[in-house]
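Here's the letter readout for the chains.
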Amino acid sequence: VQLVESGGGLVQAGGSLRLSCTASGRTFSSYAMAWFRQAPGKEREFVAAISWSGGNTYIADSVKGRFTISRDNAKNTVYLQMNSLKPEDTAVYYCAAEPTYSLRRYAPTASYDYWGQGTQVTVSS
């Protein structure tokens, strides 16, 4: 499966962005999906994950209450709505996918086989 992220850009602190990740293939609905981010000089970190049906979502504590993850299986797309952005949210955001109906460990990068190229999000103060 190929993943293509979009929606990144430059935004002022307090602003909002919505990232999209569109997947190729006809089996998108059987994939658990996630968003990660990586700031310069830091390790890639978990942001949010969503189960194949969208019935279960998981949000990192650092963005809880500000970010939400959702998916539209008819459009093969997963979204990350980011509100109340802070300068520390600046990073390259990556979409990840794992073909499973039961993702037990959603935070580790090793849990996902497929990755997008990333989209830059820059939050100015």
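Scroll up for the structure.
Residues numbered from 1 in each chain as written. Predicted model: local features only at pLDDT ≥ 70, side-chain atom pairs only at ≥ 80, totals over all residues. Heavy atoms only, no water.

Q: Outline the environment of S6, supporting the account with residue identities and numerical values.
A: Inspection of the secondary structure assignment puts S6 in strand β1 (residues 3–6). Linking S6 and P87, residues 81 residues apart in sequence, is a C-alpha distance of 20 Å. The residues touching S6, leaving out its near neighbours within four places in the chain, are R18, L19, S20 and T119. (Helix = DSSP H or I, 4+ residues; strand = E, 2+ residues; numbered from the N terminus. Contact = heavy atoms within 4.5 Å.)

Q: Give a description of the pairing of β1 that names residues and reports values.
A: Here β1 shows a buried face lined by L3 and E5 and an unburied face lined by V4 and S6. Inspection of the sheet shows β1 paired to strand β3 (residues 17–23) by four bridges, in the antiparallel sense. In the strand pairing of β3, V4 is matched with T22. (Buried < 20%, exposed > 50% of the residue type's maximum accessible area, 1.4 Å probe, protein only. Pairing = 2+ DSSP bridges.)

Q: Give me the lowdown on the packing of aromatic side chains, citing residues and values where you can.
A: Think of a pair of aromatic rings as described by two things: how far the centres are apart, and how the planes are tilted against each other in angle. Inspection of every chain in the model, using the stated rule, returns eight aromatic pairs. For the ring pair Y31 and Y114, a centre distance of 6.2 Å and an interplane angle of 55° mean the geometry is tilted. Here Y114 lies in strand β10 (residues 114–115) and Y31 lies in strand β4 (residues 31–38), a separation of 83 residues in the sequence. Joined through ring pairs, the aromatic side chains of F36, F46, Y58, Y106, Y112 and W115 make up one cluster. The cationic tip of R44 hangs over the ring face of Y94; the distance from NZ or CZ to the ring centre is 3.6 Å. A cation over a ring is seen here: R44 above W115, with NZ or CZ 5.0 Å from the ring centre. (Phe/Tyr/Trp six-rings, centres within 6.5 Å; stacked < 30°, edge-to-face > 60°. Lys NZ or Arg CZ within 6 Å of the ring centre and 35° of its normal.)

Q: So what's going on with the pattern of salt bridges? Which residues, and what values?
A: Throughout the structure, instances matching the rule amount to four salt bridges. Measuring nitrogen to oxygen at the nearest pair gives 2.6 Å for the salt bridge that ties E45 to R37. Judged by its relative accessible area of 7%, R37 falls in the buried class. Here K64 makes a salt bridge to D61, at a shortest N to O gap of 3.2 Å. (Salt bridge = Lys/Arg side-chain N within 4 Å of Asp/Glu carboxyl O.)

Q: Let's hear about the state of the cysteines: which residues, and what values?
A: Applying the stated criterion to the full structure yields one disulfide. Disulfide pairing places C21 opposite C95 at an S-S distance of 2.1 Å. Residues C21 and C95 are joined by a disulfide whose S-S torsion is about -80°; by sign, that bridge is left-handed. Pair noted here: C21 is in strand β3 and C95 is in strand β9 (residues 91–99), with a separation of 74 residues, a long-range link. Look at C95 and you get buried, because its relative accessible area is 0%. (Disulfide = S-S within 2.5 Å.)

Treat this as a map of the structure, not an account of what it does.
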